[in-house]
Structures are given as structure tokens and as C-alpha cells.
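Each chain, written out:
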Amino acid sequence: MADTAVTTPLRSPLSHAVDRMAAATRASGGTIRLAELPFLTQINVRLDPKGAAADAVGLALGLPLPIEPDTVVRAGELTALWLGPDEWLVVGPPGGQKDLESRIREAAGDEPVSVIDVSAQRTTLLVAGPRSRDLLAHGCSLDLHPRVFGPGRCAQTNLGRTQVVLVARDDPRAGFWVLVRSSFAGHLTDWLLDAAVEWTG
């Protein structure tokens, strides 16, 4: 029997704001760059950092899970964010959820581990450009100076009164990832666009 199911194209939480973000980026003359990075794979992992599973999972992923608070480890297309003493977020390209989940579970073996696909929970905003730190500082209480929050750092914080995970990318020119719950993504984007008026006119 033929498959007659209707497939609906995926729609990102910020698809309605793509043109506005692109217009703001152009208006800033490259000073600020705003864009959505939709559908990134996001896997929440909890395990004993001192147990055998931690090393095994790191080997399976090709990157060690970071053990220093608020740090990031990146290798190839995968990024691991430290969220707590026994909690990480592994971020990868779109569509990689099942593969990542199975690799982590198989590597952990019989060791206690929690592996949850949270890809649909959040979307990711890219905030880049020479004034990106200034823009984020308008609504974030963290000290974002490069000496304090430079490449390889992450934090769970508030931005524009919205809970986010903020990630400083490896190269300062690559800017920041702002991981935000899908239900708050529109509000945060409006806030960013409003705060960026200083550079977009």
C-alpha cells in the first residue's frame, strides 16, 4: 500500500523573523550579524564524570566531555557544553539525533547514563560582528569581556529577561551562540533587534 501520509516541511521557531534579522545585519554594515541556526541536534547527557562511561562516551564522540565549569569542547562538527557537574549538552548538525543518542548509549554500556534528545526544545541564534559583545551586554549581567568570557566559554544566564545558554565560539569573529527555548525565541529576537537599533539606525 502506498504511503499517503502528508509530510509538512519543518518550520523553525524564527522563520518569521529571518528577513528582519537579515535587514538588521545589512543596516549595521557588518557591525552586528543576527541569524537563526535552526534544527541543530541537541542531546542532554547526564552521567558520573569520574565513572568509566565518561571516558567511553568521550572516545565514542571524538571529544572529551568538559569537566571545567562553564567550558566548551569542540571537535569536528560536535560541541559539548558543560551545564553542571554531571550534565552536558552535545550539539551537532541537524538530523543527527538518533546517531548521537545510540553512540552515547552504546559507549556507556551498563553504566548509569541519561540521554535525552532536546533538539526541539530550543533554537539557536547566532550573534556575531565587532559589536556583538556590546549588544549582548545590554541585557546580560555576565562580564562578557574577552578575558573573562572568551572563546570556549559558556554559561546558563538571562538575556533580555529570557533564560538562555550563551556560548562564545572558538574564533572571536564567529561570535556567540544563544540557545533559547523555542517558545521564547520570538521575544528574544524582538529584544535583540530593538537593542541593535544603536548600530542599525
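Located above this text is the structure these notes cover.
Position numbers for residues start from 1 in each chain and track the written sequence from start to end. Side-chain atom pairs in this predicted model are given and counted only at pLDDT of 80 or more, local residue features only at pLDDT of at least 70, and totals for whole chains, interfaces and linings cover all residues. Side-chain metrics rest on all non-hydrogen atoms present in the structure, leaving aside hydrogens and water.

## Digging into the environment of Ala 56
Numbered from the N terminus, helices here are DSSP runs of H or I no shorter than four residues, and strands are runs of E no shorter than two. Mapped onto the secondary structure, Ala 56 falls in helix H2 (residues 52-61). The rule is simple: take the accessible area with a 1.4 Å probe, protein chains only, and divide by the maximum for that residue type; under 20% is buried, over 50% is exposed, in between is partly exposed. Given a relative accessible area of 25%, Ala 56 falls into the partly exposed group. In sequence terms Ala 56 and Ile 104 are 48 residues apart; their C-alpha atoms lie 8.5 Å from each other.

## Quick notes on the pattern of salt bridges
Between side chains of opposite charge, pairing is possible as soon as their charged atoms come close. Salt bridges are counted wherever a side-chain nitrogen of Lys or Arg sits within 4 Å of a carboxyl oxygen of Asp or Glu. A full pass over the atoms with the stated rule returns 9 salt bridges. A salt bridge links Asp 99 to Arg 103; the shortest N-O distance between them is 3.1 Å. Of this pair, Asp 99 and Arg 103 are both found in helix H3 (residues 97-108), 4 residues apart, which corresponds to roughly one turn of the helix. A salt bridge links Asp 134 to Arg 131; its shortest N-O distance comes to 2.5 Å. A relative accessible area of 33% places Asp 134 in the partly exposed class. Its relative accessible area of 33% is what places Arg 131 among the partly exposed residues. Shared partners join several salt bridges into a network, and the residues in it are Arg 46, Asp 86 and Glu 87.

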